[in-house]
Amino acid sequence: RLFEMAGCNGVRMIPRGGTDSQMARVSMMDNGFEILDMGLGYQTRFPTKSGGYFYTDIWSTPKVVGRRVVWTFDEDGFNDWRNELLEDGILQKPDVDVLGMVIETQEKRVSRNAMRTHIPAVQKKYEEDQEILRLMKIYVETGKPVPIKTPKPKRVKKSV
């Protein structure tokens, strides 16, 4: 995120008011970030009690419950939008060599934990890492997003 506030992330203040984020944008792009145009429509605003606005992404929806605000996030819609950015060419697909390096790092992690699977916590992490590695390899082969199906957590009754 690039917060356009004077004094934050290299954003300068203009003498007559306002901010200049040109150098901050250039710095972030030099560090490998892609700055998306606000015209893509991924931002929305909600009125606040104090009279101002709260800005957030379009996939977050507030719900007032009593004196609290509970936020829900549309993860499927967000993932679809990110996929559209790749398909439309707004963002470049990841380089195959870079993906190979990430897969190699994950393989090392899996092989390192393979010796300690007798510990239940390590066994669980080992199985999760193996699944991540499998999904990574499928993505490299197909070049398309791999749907991940996560089971809903079961309610566990605590014994008292």
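In this text, all values refer to a predicted model and were calculated from it rather than measured experimentally.

Novice: I tried to follow the packing of aromatic side chains on my own but got confused; where do I start?
Specialist: The description of an aromatic ring pair rests on the distance of the ring centres and on the angle between the ring planes. Following the criterion strictly, the structure yields seven aromatic pairs and no others. When the ring of Tyr 42 is compared with that of Trp 81, the centres are 5.5 Å apart and the planes differ by 40°; the resulting orientation is tilted. With Tyr 42 in the loop between helix H1 (22–30) and strand E3 (43–47) and Trp 81 in helix H2 (residues 75–87), this residue pair connects regions lying 39 residues apart in the sequence. Accessibility expressed as a relative area gives 16% for Trp 81, which makes it buried. Taken together through their ring pairs, the aromatic side chains of Tyr 42, Trp 59, Phe 73, Phe 78 and Trp 81 make up a single cluster.

Novice: Got a minute to help me understand a negative patch on the surface in this structure?
Specialist: Taken together, the side chains of Asp 74, Glu 75, Asp 76, Asp 80, Glu 84, Glu 87 and Asp 88 make up a negatively charged region of the molecular surface. The residue Glu 87 is located in helix H2 in this model.

Novice: Help me out: how do you make sense of the pairing of strand E6 (residues 68–73) in this one?
Specialist: When a strand is regular, its side chains alternate between the sheet's two faces. Pairing of strand E5 (residues 60–65) with E6 involves six bridges; the strand directions are antiparallel. The residue bridging Ser 60 from the neighbouring strand is Phe 73, located in E6.

Novice: Teacher, can you tell me more about the pairing of strand E4 (residues 53–57) here?
Specialist: As paired strands, E3 and E4 are joined by five bridges and run antiparallel to one another. By the bridge assignment for E4, Pro 47 is matched with Tyr 53. Connecting the antiparallel pair E3 and E4 is a turn made up of five residues, with Gly 51 showing a positive phi of about 100°.

Conventions used here
- Residues numbered from 1 in each chain as written.
- Predicted model: local features only at pLDDT ≥ 70, side-chain atom pairs only at ≥ 80, totals over all residues.
- Heavy atoms only, no water.
- Phe/Tyr/Trp six-rings, centres within 6.5 Å; stacked < 30°, edge-to-face > 60°.
- Helix = DSSP H or I, 4+ residues; strand = E, 2+ residues; numbered from the N terminus.
- Buried < 20%, exposed > 50% of the residue type's maximum accessible area, 1.4 Å probe, protein only.
- Patch = residues over 30% accessible without salt bridge, like charges linked within 9 Å, V, L, I, M, F, W, Y side chains within 5 Å.
- Areas by Shrake-Rupley, 256 points an atom, 1.4 Å probe, with all protein chains shown as cover.
- Salt bridge = Lys/Arg side-chain N within 4 Å of Asp/Glu carboxyl O.
- Lys, Arg positive; Asp, Glu negative; His and termini not counted.
- Charge placed at Lys NZ, Arg CZ, Asp CG, Glu CD.
- Pairing = 2+ DSSP bridges.

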